[in-house]
Amino acid sequence: MKSLLKPLLAVFLLALPAAAQAGTVTIKGSDTMVILGQRWAEAFMKKHPTIKVQVTGGGSGVGLAALQNGTTDIAMSSREMKKAESDKLRARYKAPPVQRSVAKDGVTFYVHQANPVSALTNEQLMKIYVGDITTWKQVGGADAPIVAYSRENSSGTYVFVKDMVLDGEDFAPAIQTLPGTAAVVNAVSKEKNSLGYGGAAYAEGIKELKVKKGNEEIAPSADNIKSGKYPLARDLFFYLRAEPTGDLKTFIDFALSPEGQAIVTQVGYFPVK
Amino acid sequence: MEQGLTHSVAAPRLSAAARRRQLREKAVAGFITLMAFTGIAALVLIIVFVAKEALTLFTDADARHEASLSKMFLPQEGRYPFRWQPVSDTPKVSMIPLFVGTLKITLVSMLVAVPMGIFSALFVAEFAPRRLRELLKPVIELLAGIPSVVLGFFALMVLSPMVKSLFHLDRPLNGTLAGLALALAIVPVIFTVSEDALTAVPRSYREASLALGATLWETAWKVVLPAAAPGILAACVLGFGRAIGETMIVLMASGNADLVSWNLGDSARSLSATIAAEMGEVVVGSPHYSLLFFIGVELFIFTFVLNMVASTWTKKVLQRLTGSAS
Amino acid sequence: MKYTTRRAVGLGLTGLTALAAFFIVGMLALILLDVARNGARHLSWAFLTQPPSDGMMAGGIFPAIFGTAALTLLMTLAVMPVGVLTAVYLHEYAPPESRFARWVRVAVVNLAGVPSIVFGLFGLGFFILFVGGNLDRLLGYEEMHWAQPSILWASLTLAVLTLPVVIVSTEEALRAVPLEQRTASLALGATQSQTLARVVLPGALPGILTGAVLAISRGAGEVAPILFTGAAYFLPDLPTQLNSQFMHLGYHTYVMATQSPNVTEASGPLYATVLVLLALTFALNLVAVIIRTRTRRKAASAH
């Protein structure tokens, strides 16, 4: 049995640092952005076969912590960096972190396809989520309870909706929280009285809600989000330790190029340019 | 261990080679004993290191303010007395919704799994023909081999519409669904341990009962089952422990709303699912982070107590059976 | 009540117990059929051998299969020596009525009951932050090297989780080795360790293998303990170093089921992933069940 331990120990000691090798760009962070990062990486590596791009998720916080520790070159974040986080980076690298917004995410509310309601005001949404409105009848729909879904509090979307729609108030206790956009979309597509939110997503059986502002009903379309007309859009960020150079710059330029921004649309987000 | 191989014969004079051999034997025995220590060490390290990360809650002034014990367990001012909203301007960290959610889901699963598990164990141990028995036992045990993430997935995709229309519920994801999916995970636990307890009942019990004119069912129900009762109780307690700690099924199927409601059609948020859902994004060292570890400590203590109870009971049934049978 | 009525009532209730047993089997069949039917459609050789592309929608799941295999291999390397030797201590070396042995047993029983998510917290708190953090400090790494989620820490976490499985099945295997073989070996002048290495362990090998297989099947399917200790959603490379993260079939299932933006399109690869995971754990379990049934029968006939 002891002979089994020896090779294990040898491998253990031989393992060399993986991060920060030449010709490698490492990206870490927000789970909402992992797919986007991966698609960029895929397309980029096809064009530049000598440069390797490595993408991992874990969450915005994980990415920003890794940026500070030097284990990643780019931190993907679906929220703006908090002051405490940027202070730590500044203290360690003697320079403020660099922020690049690389895509826009339109937070979309979905209902079941068969729901006659097609637009809600920001205020109605807020009242539903804090628990003041509980039936569809109160917002012009059928006489049925609203089954509302939210995201887990670990998600950037949750924080965004809480700040922008709920004005910082807490979600009502009856609001169900699901661990991802797909889970929300899936649940909404199966239940005709449901309401949920998340990033732009596609599924049979769901309908995207428009947001009513005065008399206007604004759809979460690419144009409305780019122009800033749709009120519930947020930036998705890359954070760097310093102004990018070399391979890092090539990659970021690629992400912001028309080709890179076309990928953004494919993944379900919206271009910044 | 009762085979008594450890009594080595003492020899008066030893050659150098023999002494070396004896030394080597001692070294091997020592090494093996040391290895046996790992189990204890692991258990101790688990509680120590999970508790260590939770300790900040009591030492750090900020954390003590944000998540004091009274905030965790007593009703708070405001619209809702018990909320779990740790990401908020004023974090609300009541454990009550999580306890209620965990218990609700666990009770539903026990309500289904206990009769199912015991009945199928009775069938396999007492009634099934030998052939069928040898087929059924491994097949039911195979259910235990399904990863819980697959059960959660199955609940999400297949069971949820079925359960919703069957019980006329408002929400597709709810305590009942999570409980039923969880029952699938703990039925094999209850089945296996109960079946072992039933088979351990000596044949003479059954023979005596049948000879007195009892039917097969009466023998099984009134003689064998009571004789195996502590073992079956232990099976249920083990199943309960497993249900309390199960994570992925509940995370995917319960809807995770932090409600304080005993309505089975309502959503529920469990302790374990809360850790799994929130740990990913939490800032290391923050009060929220310590809170999640504190939930881990609670889970550890619950299951530890349940396990001790279960193993005491199992010992009791063994003592009783061997004591009165031999 | 007349005997015949009592018998009829008994038969009815017996039928009920049969119903319960077959209902469980039915649920198992339902799960298997659903996964097999929906998964088989998307399953192909390419799916098993290619990395994912197009945001997980195209390509395959090879890195997840590889990651799961590598993870369980490391776990097995770690858990088998410790688990087998612990069982050897309990069954062969511990003095009768040993208090230490009793404590070990209590610990093992309790270890088996600790929720898997708590193992995840333990892996994070102990392996990553404590052991990893101190290793980094000792080895003088400026950056995080060991103090981050990785395949090593995840596999060690799973090793602790599966320790009771290995100990329990090894002990059962040791019990099946007849005492006469031991006494014969000792009588021929072999020492205790020689008897152990050449007689007892070879005799118990099938049972020990059962333990290994059961541990692997359990370890391959657990998701909660690896959530924060090393699993990653997407990696372009296979894990080549002990501190790399890895993709994992179970974690992949969880993420695909809850995070992918296109639910309709994702269901094909998702079901196929579940099918692969299920096939893997089932095949392992089946092997274990078969070996175990055989050794049990042999043990029963030996006594």
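In this text, all values refer to a predicted model and were calculated from it rather than measured experimentally. (Residues numbered from 1 in each chain as written. Chains lettered and ligands numbered in written order. Predicted model: local features only at pLDDT ≥ 70, side-chain atom pairs only at ≥ 80, totals over all residues.)

1. Brief notes about the overall build of chain A
- Scanning chain A for helices and strands turns up 10 helices and 13 strands.
- Taken along its principal axes, the extent of the C-alpha atoms in chain A is 70 × 50 × 35 Å.
- Relative to its full complement of 273 residues, chain A shows a buried share of 49%.
- Long-range contacts, defined here as pairs at least 24 residues apart, represent 70% of the contacts in chain A between residues at least 6 apart. (Helix = DSSP H or I, 4+ residues; strand = E, 2+ residues; numbered from the N terminus. Buried ≥ 20, exposed ≤ 12 C-beta atoms within 10 Å, placed from the backbone. Contact = placed C-beta atoms within 7 Å.)

2. A look at the overall build of chain B
- For chain B, the helix and strand inventory stands at 14 helices and 2 strands.
- A compact globule built from 326 residues would reach a C-alpha radius of gyration of about 20 Å, whereas chain B, at 25 Å, exceeds it by more than 25%.
- If you line up chain B on its principal axes, its C-alpha atoms span 75 × 65 × 30 Å.
- Counting all 326 residues of chain B, 54% fall into the buried class.
- Residue pairs at least 24 apart in sequence account for 74% of intrachain contacts in chain B once pairs closer than 6 positions are excluded. (Rg over C-alpha atoms; globule rule 2.2 N^0.38 Å.)

3. Concerning the sheet that holds strand E2 (residues 52-56) of chain A
Residue and element names in this part refer to chain A.
- Taking strand neighbours across the sheet as the criterion, the 5 strands line up as E2-E1-E3-E13-E4 in an open arrangement whose pairing is mixed. Looking at strand neighbours, the two that pair on one side only are E2 and strand E4 (98-106), the edges of this open sheet. In this sheet, adjacent strand axes meet at a mean angle of 20 degrees when their direction is disregarded.
- For strand E1 (residues 24-29) and strand E3 (residues 74-77), the ladder comprises 3 bridges, and the chain directions are parallel. Within E3, the position partnered with Ile27 by the bridge is Ile74. (Pairing = 2+ DSSP bridges. Axes fitted to C-alpha atoms, helices over the stretch in contact; angles between N-to-C directions.)

4. Structural notes on the interface of chain B and chain A
- At the interface, 28 residues of chain B touch 22 residues of chain A.
- Its residues assigned to classes, the side of chain B that touches chain A comprises 13 nonpolar, 7 polar and 8 charged. (Nonpolar A, V, L, I, M, F, W, Y, C, P; charged D, E, K, R; others polar.)

5. Examining the domain arrangement of chain A
All names here are of chain A.
- Assigned domains within chain A: domain 1 (22-104 + 234-267) and domain 2 (108-219).
- Of the residues lining the interface, 7 residues belong to domain 1; the matching set on domain 2 comes to 6 residues.
- Residue composition of the side of domain 1 that touches domain 2, by class: no nonpolar, 5 polar and 2 charged. (Domains from an automatic or database assignment.)

6. Quick word on helix H3 (residues 60-69) of chain A
All names here are of chain A.
- Counting buried positions over the 10 residues of H3 gives 9, a clear majority of the element.
- Turning to H3, its buried residues number three or more, namely Ser60, Gly61, Val62, Gly63, Leu64, Ala65, Ala66, Leu67 and Gln68.
- Gly70 lies just past H3 and shows a positive phi near 85 degrees.

7. Overview of the pairing of strand E11 (residues 210-213) of chain A
Residues and elements named next belong to chain A.
- Two elements, strand E6 (residues 119-121) and E11, share 3 bridges in a ladder whose sense is parallel. Within the sheet, the bridge partner assigned to Leu120 lies in E11 and is Val211.
- Across 3 bridges, the pairing between E11 and strand E12 (residues 216-218) is antiparallel. Counted as the bridge partner of Val211 is Ile218 from E12.
- The antiparallel pairing of E11 with E12 creates a hairpin that spans 2 residues between the two strands, and Gly214 there sits at a positive phi of about 65 degrees.

8. Comments concerning the environment of Ala27 of chain B
- Along the chain, the position of Ala27 of chain B falls in helix H1 (residues 16-54).
- Separated by 159 residues in sequence, Ala27 of chain B and Ile186 of chain B place their C-alpha atoms 43 Å apart.

9. What about the domain arrangement of chain B?
Residue and element names in this part refer to chain B.
- Examined at the domain level, chain B breaks down into domain 1 (16-54) and domain 2 (73-325).
- The interface of domain 1 with domain 2 comprises 6 residues on the first partner and 6 residues on the second.
- Taken together, the residues of the side of domain 1 that touches domain 2 sort by class into 5 nonpolar, no polar and 1 charged.

10. Re helix H13 (residues 271-278) of chain B
- With 8 of 8 residues buried, H13 of chain B lies mostly within the body of the structure.
- All buried positions along H13 of chain B are accounted for by Leu271, Ser272, Ala273, Thr274, Ile275, Ala276, Ala277 and Glu278 of chain B.

11. Notes on the packing of helix H6 (residues 130-143) of chain B against helix H1 (residues 3-42) of chain C
- Closest axis-to-axis distance for the H6 of chain B/H1 of chain C pair is 10 Å, and the angle between their directions is 50 degrees. Classed by the angle they form, the pair H6 of chain B and H1 of chain C counts as oblique. Between H6 of chain B and H1 of chain C lies a crossing whose hand is left-handed. For the pair H6 of chain B and H1 of chain C, contact is made by Leu136, Val139, Ile140, Leu142 and Leu143 of chain B and by Ala21, Ile24, Val25 and Leu28 of chain C, respectively. (Parallel < 35°, antiparallel > 145°, perpendicular 65-115°, else oblique. Left-handed = near helix turned anticlockwise from the far one by under 90°.)

12. With respect to the pairing of strand E5 (residues 108-112) of chain A
Residues and elements named next belong to chain A.
- Counting buried positions along E5 yields 4 of 5 residues, so the element is predominantly enclosed.
- In the sheet, E5 pairs with strand E9 (residues 194-198) via 4 bridges, with the strands oriented antiparallel. Considered in E9, the bridge of Phe109 is made with Tyr197.
- Two elements, E5 and strand E10 (residues 206-208), share 3 bridges in a ladder whose sense is antiparallel. Residue pairing in the sheet places His112 in a bridge with Ile206 of E10.

13. Let's talk about unusual backbone geometry
- The phi dihedral of Lys94 of chain A falls on the positive side, at around 55 degrees, and the residue is not glycine.
- Inspection of the secondary structure puts Lys94 of chain A in the loop between helix H4 (83-93) and E4.

14. A few points about the packing of helix H8 (residues 175-200) of chain B against helix H11 (residues 229-245) of chain B
Residues and elements named next belong to chain B.
- Their axes nearest at 8 Å, the elements H8 and H11 cross at an angle of 160 degrees. Taken as axis vectors, H8 and H11 run roughly antiparallel relative to one another. Crossing hand, H8 versus H11: right-handed. Note on element contacts: H11 touches H8 through Gly231, Ile232, Ala234, Ala235, Cys236, Leu238, Gly239, Arg242 and Ala243, opposite Leu182, Ala185, Ile186, Val189, Ile190, Val193, Ser194, Asp196, Ala197 and Ala200.
- Classifying every residue of the contact of H8 with H11 by side-chain character gives 14 nonpolar, 3 polar and 2 charged.

15. Quick word on the nonpolar core
- Of all hydrophobic cores here, the largest spans 284 residues; its most connected members are Ala181, Ile190 and Ile249 of chain B.
- Those residues in contact with Ala181 of chain B that sit more than four places away from it in its chain are Leu151, Gly152, Ala155, Leu159, Ile249 and Ala253 of chain B. (Core = buried A, V, L, I, M, F, W, Y, C linked by C-beta atoms within 7 Å.)

16. A look at the confidence of the model for chain A
- Within chain A, residue pLDDT values average 84, and 92% of them lie at 70 or more.
- Scored below 50 in pLDDT, residues 1-22 of chain A makes 21 contacts in the model with residues more than four places away or belonging to other chains. (pLDDT = per-residue confidence, 0-100.)

17. Describing the sheet that holds E9 of chain A
Residues and elements named next belong to chain A.
- Pairing within the open sheet is mixed, and its 5 strands lie in the order E8-E7-E9-E5-E10. Each edge of the open sheet is held by one strand with a lone partner, namely strand E8 (176-178) and E10. Taking each pair of neighbouring strands and ignoring which way they run, the sheet shows an average axis angle of 30 degrees.
- The strands that helix H7 (residues 181-190) touches are E5, strand E7 (147-151), E8, E9 and E10; relative to E9, the one it contacts most, it runs at about 160 degrees.

18. A word on the environment of His48 of chain A
- Here His48 of chain A lies in the loop between helix H2 (34-47) and E2.
- For the pair His48 of chain A and Phe238 of chain A, spaced 190 residues apart in sequence, the C-alpha to C-alpha distance is 20 Å.

19. Description of the confidence of the model for chain B
All names here are of chain B.
- Overall, the prediction assigns chain B a mean pLDDT of 88, with 94% of residues at 70 or greater.
- Per-element mean pLDDT across chain B ranges from 82 in helix H3 (residues 61-66) up to 95 in helix H5 (residues 96-127).
- Predicted complex, confidence summary: ipTM 0.90, pTM 0.87.

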